[in-house]
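One-letter residues, chain by chain:
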Amino acid sequence: AQGDYAAALEHYKKAVEVNPNDGDALNNLGQLLTRNGDALVALPYLQKAAQLYPGVWAYRFNLAHAHGRLGNWSQAADDYRQARNLFPDDYVTHFNLGMALHKMGDEEAAVYEFRKGAELAPSEPSFPLALGISYEHLNRADEAAKAYEQYLALSPSAPDADKVKARIEQLRKPA
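To keep things clear, this report deals only with the structure shown in the data block. (Residues numbered from 1 in each chain as written. Predicted model: local features only at pLDDT ≥ 70, side-chain atom pairs only at ≥ 80, totals over all residues. Heavy atoms only, no water.)

**Points about the packing of helix α3 (residues 39–52) against helix α4 (residues 57–69)**
Rules: The axes used here are C-alpha line fits, helices contributing only the stretch in contact, and every angle between their N-to-C directions lies in the interval 0 to 180 degrees. Helix numbering and strand numbering both begin at the N terminus, where a helix is a DSSP run of H or I of at least 4 residues and a strand a DSSP run of E of at least 2. Oblique is the label for any angle not under 35 degrees, not over 145, and not in the 65 to 115 range, which are roughly parallel, roughly antiparallel and roughly perpendicular in turn. With the far helix as reference, a near helix turned anticlockwise by less than a right angle produces a left-handed crossing, and one turned clockwise produces a right-handed crossing. Contacts: residue pairs with any heavy atoms within 4.5 Å of one another. Each residue is assigned to one of three groups, with Ala, Val, Leu, Ile, Met, Phe, Trp, Tyr, Cys and Pro labelled nonpolar, Asp, Glu, Lys and Arg labelled charged, and all others, Gly among them, labelled polar.
Between α3 and α4, the least distance of the axes is 9 Å, while the angle of their chain directions is 155 degrees. In terms of axis orientation, α3 runs roughly antiparallel to α4. Note on packing geometry: the crossing formed by α3 with α4 is left-handed. Only Y59, R60, N62, L63, A66, H67 and R69 of α4 make contact with α3, whose side of the interface consists of A39, L43, L46, Q47, A49 and A50. For the contact of α3 with α4, the class distribution of residues is eight nonpolar, three polar and two charged.

**Considerations on the environment of G55**
Mapped onto the secondary structure, G55 falls in the loop between α3 and α4. For G55 and N85, which are 30 residues apart along the polypeptide, the C-alpha to C-alpha distance reads 9.7 Å.

**Looking at the packing of aromatic side chains**
This is how it is decided: Side-chain rings of Phe, Tyr and Trp (the six-membered ring for Trp) are treated as a pair once their centres are within 6.5 Å; stacked means planes under 30 degrees apart, edge-to-face means over 60, and tilted covers the remaining angles. Relative accessibility thresholds used throughout: buried, under 20% of the residue-type maximum; exposed, over 50%; partly exposed, between the two (1.4 Å probe, protein chains only).
In total, this model carries seven aromatic pairs according to the counting rule given. With a centroid separation of 5.5 Å and an interplanar angle of 70 degrees, the aromatic rings of F61 and Y80 are classed as edge-to-face. You can see F61 sitting in helix α4 and its partner Y80 sitting in helix α5 (residues 73–86), a full 19 residues away along the chain. By relative accessible area, which is 12% here, F61 ends up buried. An angle of 65 degrees between the planes, with centres 6.3 Å apart, marks the rings of Y91 and F127 as edge-to-face. Residue Y91 is located in helix α6 (residues 91–104), and its partner F127 is located in helix α8 (residues 126–137); the two are separated by 36 residues in the primary sequence. By relative accessible area, Y91 is classed as partly exposed at 34%. Judged by its relative accessible area of 0%, F127 is buried. Through a chain of ring-to-ring contacts, three or more aromatic side chains come together here, namely W57, F61, Y80 and F87.

Okay, here's the thing in structure tokens:
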């Protein structure tokens, strides 16, 4: 809470040492390591927490996040799917799963996740922006333009608004 990561790291290491099956300590240590750029070191702690307590959404989500930070998109997608199954109404899980699928090149599956997340969080501008990108990869220009327009409607003063408007114009030009 005070931003002392070194002390927090030592605290969680000791907690895991004292009780190596404490899911919260394992997860928190793994999460802290991931945030500090040590996702590879974090993986064993996060994996153990998820294995010991397979029904805890946060443990699976954080494991997926660490895999994503390492570029292990296939494993990240698998873990995000498991997290989604544990907490199907979490729009962030849908977004992150969509991003992992996008990184893998599975745009159809990514579109499904982005659309589901957008249903759960209709005012979140990240979803139409991500949808637009995936639609473009699928050569669905009209749907991409509509998604980008929705993004601008939700976030008209976004830093990339001019760039997105220019992209919409390009997508709307006759071939």
